[in-house]
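Structural description and commentary
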Amino acid sequence: METVVSGIRSTGKLHLGNFYGAVKNFVQMQNEFNCYFFIADFHSLTTHPTPEDLHGNVKQVLIEYLAAGIDPEKATIYVQSDVPEIAELYLYLNMNAYLGELERSTSFKDKVRAHPDNVNAGLLTYPVLMAADILIHKATKVPVGKDQEQHLEMARTFGNRFNRLYNNEYFPEPFAFNFTEKLVKVPGLDGKGKMGKSEGEGNAVYLSDEPEIIRKKVMRAVSDSGPTEENQAKPESIQNLFDLMKIVSPLSTYEHFDNLYNTCEIRYGDFKKQLAEDMIIATAPMRERINEIAKDETYLRQVARFGAIKARESASKTIREVREIIGFKNF
Ligand code: TYM
């Protein structure tokens with residue numbers, strides 16, 4: 001059976017981008033593959049969270065994984081820092097990751113632009129750590145959104161380079177994957193690109209947002225004065241709302257409003273109201289379960305401990321074999 005690995009950085013609550021880009025696929029995949037889903041708390045250290053925030057965020061992602069339907073009996077759910085073997089593999093892979101290729105990564109360049117005062121080595125080698133996450137379980141399938149495609153290419157590069165260096169076929173090639181042909185990019189509400197946690201207030205709708213908050217965020221989304229010509233192209237700040245509707249609403253609803261746009265009869269107030277209501281419906285089951293699961297500390301502890309044991313079984317086997325390939329020998 002093929003192995004799947006994927007993770008979410010522990011930087012807070014999950015938004016619709018995380019859900020439709022990745023987590024929804026985790027839930028489907030756990031029935032078909034040998035799955036490892038983890039909370040990437042090593043990765044979150046690039047932005048220096050306080051110890052309290054770090055733990056709180058890890059817990060929040062764990063709660064939301066479970067609320068979204070990841071089943072700890074089917075998939076292995078774990079916290080990255082509970083598996084120190086990942087850090088060891090990261091060290092080995094770093095020896096064959098070159099400055100030039102790391103500096104060329106799009107996400108690194110974006111981070112440097114956004115935070116020129118915090119260009120640390122962890123940020124530079126972020127794709128190496130991500131490769132270690134994947135290769136530690138010798139995964140071939142990685143459910144992620146469109147924004148992680150380049151990182152997957154780098155994971156293949158690092159795995160292949162290790163294989164070539166030691167002249168064997170130890171690591172298989174991992175590919176980004178979801179059940180459709182295309183990886184998903186969920187746009188933000190502000191019409192300026194993808195939905196993300198660090199893209200500014202009002203850009204993201206969270207799975208845990210109360211209905212009133214969702215309504216407010218959607219109603220505040222930028223729109224324009226409406227189309228003036230039939231079948232006119234949509235500007236980005238309108239297209240994003242249509243793209244969101246395509247994701248959360250029934251197709252007939254999307255087609256109804258698309259048609260109204262094309263005939264210049266659309267009323268953005270009605271359109272946004274519908275979009276907000278459909279987002280509320282899409283997130284309702286999770287919102288309720290988030291509140292329930294959050295209360296059950298014993299269950300959360302059990303899930304994390306059980307997951308760590310299972311993940312370490314697989315990870316320690318890989319590290320044993322990798323050490324042998326590299327040539328470390330016990331005296
Ligand atoms: P992160 O935490 O930024 O995002 C988690 C997952 O959500 C997806 N995603 C989106 N998909 C579509 N549209 C969006 N607007 C959107 N925003 C986020 C991401 O593509 C991702 O799948 N580096 C990773 C975490 C990670 C990882 C890994 C993933 C660490 N190690 C190993 C896979 C395998 C990250 O920061 O994702």
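Structure: above.
Throughout what follows, the structure given in this document is the object of discussion. Note that the structure is a prediction, hence the values are computed from the model and not measured. (Residues numbered from 1 in each chain as written. Predicted model: local features only at pLDDT ≥ 70, side-chain atom pairs only at ≥ 80, totals over all residues. Heavy atoms only, no water.)

**Section: the layout of surface pockets**
By volume, the largest pocket is sized at about 1400 Å³. Forming the walls of the largest pocket are 48 residues, and the residues nearest its centre are Arg9, Lys111, Asp147, Gln148 and Lys194. Where the lining of the largest pocket is concerned, the elements lending two or more residues are strand S1 (3-9), helix H1 (16-29), strand S2 (34-40), helix H6 (106-114), helix H8 (126-135) and helix H9 (149-165). With 6 residues, H6 is the largest single contributor of residues to the lining of the largest pocket. Split into classes, the residues belonging to the lining of the largest pocket amount to 18 nonpolar, 20 polar and 10 charged. Each of domain 1 (3-177 + 296-326) and domain 2 (197-291) gives at least three residues to the lining of the largest pocket. In terms of lining, the second largest pocket is formed by 13 residues, of which the most central are Asn178, Thr180, Lys182, Leu183 and Val184. Considering each element in turn, the lining of the second largest pocket owes the most residues, 4 residues, to H1. Per-class residue counts for the lining of the second largest pocket are 5 nonpolar, 4 polar and 4 charged. (1 Å grid on protein atoms, 1.4 Å probe; cavity = no way out; pocket = protein on both sides within 12 Å on 5 of 7 lines; lining within 4 Å. Points joined across faces, edges and corners; volume = space filled by probe spheres on them. Helix = DSSP H or I, 4+ residues; strand = E, 2+ residues; numbered from the N terminus. Nonpolar A, V, L, I, M, F, W, Y, C, P; charged D, E, K, R; others polar. Domains from an automatic or database assignment.)

**Structural notes on the side chain of Asp209**
Residue position: Asp209 is located in the loop between strand S5 (175-176) and helix H10 (211-220). Taking the relative accessible area as the measure of exposure, Asp209 reaches 7% and is therefore buried. Once residues lying within four places of it in the same chain are set aside, the contact partners of Asp209 are Lys13, Ala204, Ile214, Lys217 and Arg287. (Buried < 20%, exposed > 50% of the residue type's maximum accessible area, 1.4 Å probe, protein only. Contact = heavy atoms within 4.5 Å.)

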